[in-house]
Amino acid sequence: MAEIKQTYFKFSFMHSIKGDCFGLCLDKNSKHYNKRAEINTALLELISYLSSSTWQEIENRPRNMNFGSEHLKITSLNQNIQNHFKKITKQEKCNVFRFGKGNYRACGFRVDDVFYLVCCDYDFSLYKH
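Residues numbered from 1 in each chain as written. Predicted model: local features only at pLDDT ≥ 70, side-chain atom pairs only at ≥ 80, totals over all residues. Heavy atoms only, no water.

A look at the confidence of the model for the protein chain
On average, residues of the protein chain score 90 in pLDDT, and 96% of them are at 70 or above. When the elements of the protein chain are averaged for pLDDT, helix α2 (residues 55–60) gives the smallest value, 90, and strand β3 (residues 93–99) the largest, 97. (pLDDT = per-residue confidence, 0-100. Helix = DSSP H or I, 4+ residues; strand = E, 2+ residues; numbered from the N terminus.)

Quick word on the pairing of strand β4 (residues 104–111)
Within β4, six of the eight residues are buried, which leaves it mostly tucked inside the rest of the structure. As judged from the five bridges shared by β3 and β4, these two strands associate in the antiparallel manner. Paired with N95 across the bridge in β4 is G108. The antiparallel hairpin formed by β3 and β4 contains four residues in its connecting segment, where G100 sits at a positive phi of about 65°. (Buried < 20%, exposed > 50% of the residue type's maximum accessible area, 1.4 Å probe, protein only. Pairing = 2+ DSSP bridges.)

Let's talk about the state of the cysteines
Going through the model one piece at a time under the given rule, you end up with zero disulfides. For the unlinked cysteine C94, the closest cysteine sulfur is that of C107, found at 3.7 Å. For C94, a relative accessible area of 0% corresponds to the buried category. (Disulfide = S-S within 2.5 Å.)

Comments concerning the environment of V118
With respect to the helices, strands and loops of the structure, V118 is situated in strand β5 (residues 114–121). Separated by 58 residues in sequence, V118 and N60 place their C-alpha atoms 22 Å apart. With residues up to four places along the chain from it excluded, the contact list for V118 reads H15, S16, I17, H84, F85, I88, C107, G108 and F109. (Contact = heavy atoms within 4.5 Å.)

Some details on the side chain of R105
For R105, the position within the fold is in strand β4. Buried and unpaired, R105 has no salt bridge, with E70 as the nearest side chain of opposite charge at 5.0 Å. Within the structure, R105 has its side chain in polar contact with the backbone oxygen of G102 (distance 2.7 Å). Among the polar contacts listed, one links the side chain of R105 to the side chain of Y127, at a separation of 3.3 Å. (Lys, Arg positive; Asp, Glu negative; His and termini not counted. Salt bridge = Lys/Arg side-chain N within 4 Å of Asp/Glu carboxyl O. Polar contact = N/O pair within 3.5 Å; in protein donor to acceptor, adjacent residues only side chain to side chain.)

Structure follows, in structure tokens:
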């Protein structure tokens, strides 16, 4: 009997935005700077969960749960983020993961079994909800 290969989630920060209100590194000028410990812990929890999950398990998780995901058209994102996506990929959709008990979003795109984390949404301003 043939063995079914499970494809696990892998991360890349190669295309991550830096120093923006959607950036991964919250600097002292960010309005979310005082919550950076909470946000960073929640993001690490998301990465830990996703890294130990197969893509099939991730896709089957309900989107409205913590660590749930959805696919959005890149054109539905904030204009600055759309412009960044256009520079790094030709894909038309992105993956958005909920983290921090649903208070935050991690946004990026998938190529094969690698997820490129591009930005985070700390205040529901990345796209219209």
